[in-house]
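# A closer look at the structure
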Amino acid sequence: WDLGSSFGLWKGRPSSKRTLSFGFVADPMSTWSVPCRLRCCLLLVVCAAVPAVLGSDDEVCPADAPCASSPSAGEGIAAQGEYYWPQGRGHPRHYGQSPYSFGGASCNLSANLRWSWQHPNGRYNTIITGKPLIDNERNIYISSLDGICKFDIDGRALWTWSVSNYTDKRHVPNNPAIMDGRLYNCLTTGELFALSMETGELLWEVMASAKGIGEDTAFVTATRGIVLLDVDPPQPAGPLSGRQNNRIVAFDARDGSELWDFQPDVGVWNFLPHFPDDGTAVFQTWNGGAYRLNLSDGVPIWNQGLNRNVDGWTDGGPALGPNGLFYTTSSAATMEKSAFSEAGSGGLASYRVSDGELVWNRSGLEQGIYTYPVVGRLAEGAPLSVVTGVGSLAYFPLQIQFFIFGALPGAMVGFVIGMLWALCKCRGMSPQATMCAFLLRPLVAAAVCALLGAVAVVPFLKGAYPYSVQAFDAETGEPQWRVELPTWRWYSAAGDEEGLATRRKNGHRLICLPPASSYLTLDAQGAIYFGHLDGRLYRIKDWNGDGRIDAGTEVCSFEAGSGFLTGGPSIAPGVLAVASCDTLYVFADP
């Protein structure tokens, strides 16, 4: 969409369920200033402490013990405890969980909707790639393809920042992270940058990779003064598979200087490392393998499961439990087959963080896992559970599938038929008539066969996507309960068909193509929140404590109208924020 469009702001306090629209306007400094008519002051944030100079004598942490000290690059920098939801999966002390509850037994999320945001030219004029982060003042930050915006709790835009020279090949692909007064994110052209959380000013920008950064929706993460990022997709990238990032790089959060890099044996997709708070990081590869690295120098401590599912792929990811176990997800299908009926089975495995030993492996699930599980207690005094969605992701919009699988092959066959038809019928004709036949008959045959091909291919396209949410004992992997969601009956995720014409006109990314669901978020009362490809925000909670989920009374949903990318709901006191592919929704307790 046009970066020169006006920066429109509503005036006054937003009423319940009001939709806000803010346009991005580029200036030479690629920063966004707050219009003078905005009747509020910028909120102050906590300043970062002066970091210490990076040391050179750090040692690898033992596999069975935490590090004695954090990396030198992070010494003296304040902890993340001041922010309610500082990065993907929330705070490292309780990944995927919030110490705060949201809502009650009432199944009416619409009544709690406080405000929402869309692009001023319409909801499909951008794609929200970075889902809500929440700071200590409950300000909310999101990233879209073309910029980053900060809102206060009432929906007022405090600042926005735009991508300079924004194109389909140069945009913001990842979820951001906030740490010590700075917001970190990246561009597909290979840059990593830091913005002031207070003003949106660009503080520094470095070239993280000359090969660029993959266009999956991964997570920039930050801890102990270090920023982690995955880079280096293959050059040239393949049509589908072959677009994974192949290198992990650590940067000093103060100035973006590179600290170390590591190349795993298997690439990563939708990269989301977790930090056990012992000076290490754990992450999974795109086929469900697991790694643990030392944060001080990137030296691997262990890796497991890399060869268990060699051809498999998932755009889901892992979870780190409070029990010292790391959970990975997988699917037996390749990327190309992930949306089709032969997508294959899924797997959920747990590894001990200390030494990488496999604790249990729940393989053979009826479908692949294309989401991020959550680990926690679903009721007071209950044992730890790991909860995940099971079901494939949807494919391209029907219009695109018509063309790829029907019209294009049909036109090619028709053109050949038309040429043969012209050859057979042109004997004895004048040169002018022969030329006309050779021009018209292949075109007519191609058009007819393209239409027939588009119609004929429909019965072979997958147009139904069942999905279940399943809970397992986090220590043993034994099943606890499962609930089936309503089957999504369309060929693509909600919103992708509807937004195709607008996005094609804009000339940028055509479709959102979300995973099966966003990551799952657990609140303090054991309610599970997530967005699904059917365009609904779901809440699931065993309110009566009978050990099963009643789909009629214990599953609640909110109609968002579009699917959700990897980032899921974020929770702060009295607030739940979530973003679909095109709309930010903020819910508040009464």
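Treat the numbers as computed from the prediction; the structure is a model and nothing was measured.

### Examining the overall build of the protein chain
A count of helical and extended segments in the protein chain gives three helices and 32 strands. Expressed as a percentage of the 590 residues in the protein chain, the buried residues total 59%. Considering only intrachain contacts with a sequence separation of at least 6, the fraction spanning at least 24 residues in the protein chain is 61%. Within the structure as shown, the protein chain displays about 21900 Å² of accessible surface, and the carbon and sulfur contribution to it stands at 56%.

### Comments concerning unusual backbone geometry
In this model, arginine 138 sits at a positive phi of 65 degrees, which is unusual for a non-glycine residue. Within the secondary structure, arginine 138 is located in the loop between β3 (128-134) and β4 (140-144). Positive phi, close to 55 degrees, is recorded for aspartate 180, a residue that is not glycine. Mapped onto the elements, aspartate 180 comes out in the loop between β7 (177-179) and β8 (182-186).

### Some details on the sheet that holds β3
Taken together, the four strands give an open sheet; going across it, the order is β3-β4-β5-β6, and neighbouring strands pair in antiparallel fashion. Two strands bound the open sheet, and with one partner strand each, they are β3 and β6 (157-162). When strand polarity is set aside, the average angle formed by the axes of neighbouring strands in this sheet is 10 degrees. Where β4 and strand β5 (residues 147-151) come together, five bridges link them in antiparallel fashion. Looking across to β5, one finds that isoleucine 140 is bridged to phenylalanine 151.

### Some details on the state of the cysteines
What the rule picks out here adds up to one disulfide. One disulfide in the model links cysteine 512 with cysteine 581; its S-S distance is 2.0 Å. Judged by the sign of its S-S torsion, about -70 degrees, the cystine formed by cysteine 512 and cysteine 581 is left-handed. Linking cysteine 512 in the loop between α3 (496-506) and β26 (521-522) with cysteine 581 in the loop between β31 (575-579) and β32 (584-588), this pair joins segments that are 69 residues apart in sequence. Accessibility assignment for this pair places cysteine 512 and cysteine 581 in one class, buried.

### As for empty space enclosed by the protein
A complete count under the given rule lists two cavities of 30 Å³ or more for this structure. The space that makes up the largest cavity amounts to roughly 60 Å³. Looking at the largest cavity, it is lined by eleven residues, and the ones nearest its centre are Asn125, Thr126, Arg503, His508 and Arg509. Per-class residue counts for the lining of the largest cavity are five nonpolar, four polar and two charged. Put simply, the second largest cavity is a space of about 30 Å³.

### Considerations on the pattern of salt bridges
Enumeration over the complete set of coordinates arrives at 19 salt bridges. Among the salt bridges present, the one from aspartate 152 reaches arginine 156, with a minimum N-O distance of 3.4 Å. Summarising the burial analysis for this pair, aspartate 152 and arginine 156 share the class buried. With its nearest N and O atoms 3.6 Å apart, the salt bridge here joins arginine 503 to aspartate 496.

### A word on the pairing of strand β13 (residues 247-252)
Burial analysis of β13 places six of its six residues in the buried class, the great majority of the element. Of the two faces of β13, the one holding Arg247, Val249 and Phe251 and the one holding Ile248, Ala250 and Asp252 are both buried throughout. The sheet contact formed by strand β12 (residues 226-231) and β13 spans six bridges and is antiparallel. From the neighbouring strand, leucine 229 faces β13, where its bridge partner is valine 249. Connecting β13 to the next strand, strand β14 (residues 258-262), in antiparallel fashion are five residues, including glycine 256 with a positive phi near 80 degrees.

### A word on the sheet that holds strand β29 (residues 555-559)
Ordered by their spatial adjacency, four strands build an open sheet running β26-β27-β28-β29, and the pairing between neighbours is antiparallel. Of all the strands in the sheet, just β26 and β29 have a single pairing partner and so form its edges. In terms of strand pairing, β26 meets strand β27 (residues 528-531) through two bridges, oriented antiparallel. Following the sheet pairing, leucine 522 is matched in β27 by isoleucine 528.

### As for the environment of proline 233
Examined against the element boundaries, proline 233 turns out to sit in the loop between β12 and β13. For proline 233, a relative accessible area of 10% translates into the label buried. For the pair formed by proline 233 and glutamate 215, sequence separation is 18 residues and the distance between their alpha carbons is 8.9 Å.

### Describing the nonpolar core
One broad rule of soluble globular proteins: the nonpolar side chains tend to lie buried together. Judged by nonpolar contacts, the single largest core of 63 residues is most densely connected at Leu228, Val387 and Trp481. If sequence neighbours within four positions are ignored, valine 387 has contacts with Pro373, Val374, Leu378, Val469, Gln470, Ala471, Trp481, Leu520 and Ile528.

### Here's the deal with the packing of aromatic side chains
Applying the stated criterion across every chain yields a total of 24 aromatic pairs. When the centroid spacing of 6.2 Å and the interplanar angle of 35 degrees are considered together, the rings of tryptophan 269 and tryptophan 286 count as tilted. In this pair, tryptophan 269 sits in the loop between β14 and β15 (280-284) while tryptophan 286 sits in the loop between β15 and β16 (290-294), placing the two residues 17 residues apart along the sequence. Summarising the aromatic geometry, the rings of tyrosine 372 and tyrosine 519 are spaced 6.4 Å apart at their centres and angled 85 degrees between planes, so their arrangement reads as edge-to-face. Remark: tyrosine 519 occurs in the loop between α3 and β26 and tyrosine 372 occurs in the loop between β21 (358-365) and β22 (374-377); sequence separation between them is 147 residues.

### Observations concerning α3
If you check which residues of α3 are buried, you get Asp496, Glu497, Gly499, Leu500 and Arg503. Each buried residue of α3 sits inside an arc of 145 degrees when the element is viewed along its axis, so together they form one side. The first or second residue beyond α3 is glycine 507, which carries a positive phi of 80 degrees.

Basis of the calculations
Residues numbered from 1 in each chain as written. Predicted model: local features only at pLDDT ≥ 70, side-chain atom pairs only at ≥ 80, totals over all residues. Heavy atoms only, no water. Helix = DSSP H or I, 4+ residues; strand = E, 2+ residues; numbered from the N terminus. Buried < 20%, exposed > 50% of the residue type's maximum accessible area, 1.4 Å probe, protein only. Contact = heavy atoms within 4.5 Å. Areas by Shrake-Rupley, 256 points an atom, 1.4 Å probe, with all protein chains shown as cover. Pairing = 2+ DSSP bridges. Axes fitted to C-alpha atoms, helices over the stretch in contact; angles between N-to-C directions. Disulfide = S-S within 2.5 Å. 1 Å grid on protein atoms, 1.4 Å probe; cavity = no way out; pocket = protein on both sides within 12 Å on 5 of 7 lines; lining within 4 Å. Points joined across faces, edges and corners; volume = space filled by probe spheres on them. Nonpolar A, V, L, I, M, F, W, Y, C, P; charged D, E, K, R; others polar. Salt bridge = Lys/Arg side-chain N within 4 Å of Asp/Glu carboxyl O. Core = buried A, V, L, I, M, F, W, Y, C linked by side-chain atoms within 4.5 Å. Phe/Tyr/Trp six-rings, centres within 6.5 Å; stacked < 30°, edge-to-face > 60°. Arc of directions from axis to C-beta.

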